[in-house]
Amino acid sequence: MKSFSLKLIVLFFFLFATINTFGQNLVLSKNARASVITCDTGNESYSLFGHTAIRITDLENNLDVVYNYGAFDFRTPNFVVKFAKGDLQYFAVANTFSDFMSQYTYEQRSVFEQELLIPLDYKQKLFDNLTTVLSSNESYYTYKFIDKNCTSMVVDILNKTLGSTIIAKNLDTDKTYRSILFPYFDNFFYEKLGTSIIFGTKVDEYSNHIFLPFELLQSLQQTHFKNQLLCKESKILLDYKKQAPNSWWDNVYTYLIFLSLILILNKKFIDTFYLILMGFLGIFFCSVGFYSFHQELANNYNVLLFNPTLLILLYFLVVNNKKWSVNMAVFNIISIGVYLIVMINKAHLLIVLPLMLTSTFILAKIIFRNSKRIPVVI
């Protein structure tokens, strides 16, 4: 969930060169510690969900290193295209603990540590596994929003070290991924709206594995290994009171004002612009669902509202084909009705409801304007 700056990536290569010279041969002392680091959420899009890392500390060997799987290179050719398609390569990095903490001190984000209560031989195995990852192709992985990220990769290497699936999903298994993600967008209205309408059926599945940093933090507190708790109570390394962003535009009020103006002004060119926007968004959702490897974007039923056939409706309006203008408007109203049924138990129903009402009102006007008048005989 955390993308490190180029400066930190350069530092990683320096640190990696140092560790790689002795890492596989270094024997941890009996006072070595291994812990899971959880970083609080931030106000940037890349930090909305927090971050997870692993810390290995051995003062006798002058070792205090943080390993995490959250890095990628902005210089990657076709970076945006690769990210959208879902084949952008992320990789593991190692940072000195002091430099790692400096980053979060600068961003004023709280940091929590959970020391693992595992025998020394498991700490050694974890250290060896992490060192092996950094020195091999295992360092790279294809990022997946739910299935493969900085948290799930930490869970995987911890379970690999412990020899079985010790750390598993045991909280909120009755909630969907969408329901779990939704509160993270509080105070970020348009980010919440955007993710609500671009995600498809994948995020409506019930959550069956750990994929968020604070999910892992809570799970570790309840996980047992060799008849004892796997970790100590969480310790606060950095403590900042989170400040909610203050934006004059990124809120529900500008959203409602914009849609209200569309209805109040009641102008054909505004209605046309609205329908064009909704139609092209529908085309985008359909296209990205087929193009992208991100399963979260596939099977997007939101196209029932953001319907590409709105563009066909506009064509019939332009050529003044009243019959098919009415037919396409009716078709889209029916689609919205089906969408409402699909949305009944979804977390984002209320956030898209104003769009549903606005679209229905505009489509109803089109039907009224283009329907044949019924003569009245007195």
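Please refer to the structure higher up on the page.
Small disclaimer: the values here were computed from a predicted structure and weren't measured.

Reading guide: rules and limits
- Residues numbered from 1 in each chain as written.
- Predicted model: local features only at pLDDT ≥ 70, side-chain atom pairs only at ≥ 80, totals over all residues.
- Heavy atoms only, no water.
- Patch = residues over 30% accessible without salt bridge, like charges linked within 9 Å, V, L, I, M, F, W, Y side chains within 5 Å.
- Areas by Shrake-Rupley, 256 points an atom, 1.4 Å probe, with all protein chains shown as cover.
- Salt bridge = Lys/Arg side-chain N within 4 Å of Asp/Glu carboxyl O.
- Helix = DSSP H or I, 4+ residues; strand = E, 2+ residues; numbered from the N terminus.
- Disulfide = S-S within 2.5 Å.
- 1 Å grid on protein atoms, 1.4 Å probe; cavity = no way out; pocket = protein on both sides within 12 Å on 5 of 7 lines; lining within 4 Å.
- Points joined across faces, edges and corners; volume = space filled by probe spheres on them.
- Nonpolar A, V, L, I, M, F, W, Y, C, P; charged D, E, K, R; others polar.
- Buried < 20%, exposed > 50% of the residue type's maximum accessible area, 1.4 Å probe, protein only.
- Pairing = 2+ DSSP bridges.
- Core = buried A, V, L, I, M, F, W, Y, C linked by side-chain atoms within 4.5 Å.
- Contact = heavy atoms within 4.5 Å.
- Phe/Tyr/Trp six-rings, centres within 6.5 Å; stacked < 30°, edge-to-face > 60°.
- Lys NZ or Arg CZ within 6 Å of the ring centre and 35° of its normal.
- Expected span 1.5 Å × (residues − 1).
- Axes fitted to C-alpha atoms, helices over the stretch in contact; angles between N-to-C directions.

### A look at a nonpolar patch on the surface
Taken together, V252, Y253, L256, I257, L261 and L265 make up a surface patch of nonpolar side chains, about 560 Å² in accessible area. Along the polypeptide, L265 turns up in helix α9 (residues 252-265).

### Considerations on the state of the cysteines
One pass over the full model with this rule turns up 0 disulfides. The thiol sulfur of C39 is not disulfide-bonded, and the nearest other cysteine sulfur, from C150, lies at 8.7 Å.

### Looking at the layout of surface pockets
Volume-wise, the second largest pocket comes out at about 260 Å³. Taken together, 14 residues make up the lining of the second largest pocket; nearest its centre are G42, N43, E107, Q108 and R109. Its residues assigned to classes, the lining of the second largest pocket shows 2 nonpolar, 6 polar and 6 charged.

### Section: the pairing of strand β2 (residues 51-58)
By the criterion of burial, β2 is predominantly enclosed, with 8 of the 8 residues buried. Side chains H51, A53, R55 and T57 project from β2 onto one buried face, and the interleaved T52, I54, I56 and D58 project onto a second face that is buried too. Pairing of strand β1 (residues 33-39) with β2, which is carried by 7 bridges, proceeds in the antiparallel orientation. Note on β2: the bridge partner recorded for V36 is I54. By the bridge criterion, 5 bridges tie β2 to strand β3 (residues 63-71) in an arrangement that is antiparallel.

### Structural notes on the nonpolar core
Core analysis: the largest hydrophobic core is formed by 54 residues, its most contacted members being I56 and L116. With residues near it in sequence (within four places) discarded, I56 still touches L28, R33, A34, L63, D64, V65, Y67, L126, F127 and L130.

### Some details on the packing of aromatic side chains
For the structure on display, the rule yields 19 aromatic pairs. On the numbers, 5.6 Å between centres and 85° between planes, the contact of F49 with F185 is edge-to-face. Of this pair, F49 sits in the loop between β1 and β2 while F185 sits in the loop between α6 (177-181) and α7 (189-198), placing them 136 residues apart in sequence. By way of ring pairs, the aromatic residues F49, F145, Y184, F185 and F199 are connected into one cluster. Here R55 stacks its cationic end above the ring of F97, 3.5 Å away from the centre of that ring.

### Looking at helix α12 (residues 322-343)
Its 22 residues place the ends of α12 31 Å apart at the C-alpha level, agreeing with the 32 Å of an ideal helix rising 1.5 Å per residue. All of the buried residues in α12 are S325, V326, M328, A329, N332, S335, I336, Y339 and M343. For α12, the elements touching its buried residues are α11 (309-318) and α13 (349-370).

### Concerning the sheet that holds β3
Across the sheet, 7 strands lie side by side as β6-β4-β3-β2-β1-β5-β7; this open sheet has antiparallel pairing. This sheet does not close on itself; its edge strands, each paired only once, are β6 (140-142) and β7 (235-238). In this sheet, adjacent strand axes meet at a mean angle of 30° when their direction is disregarded. Relative to β7, strand β5 (residues 111-115) runs antiparallel, the two sharing 3 bridges. Bridge pairing in β7 places V111 opposite L238. Each of β1, β2, β3, β4 (89-96), β5 and β7 touches helix α3 (residues 97-107); the most contacted strand, β4, lies at about 110° to it. Its contacts with the sheet put helix α4 (residues 120-134) on β1, β2, β3 and β4, and the angle it makes with β3 is roughly 50°.

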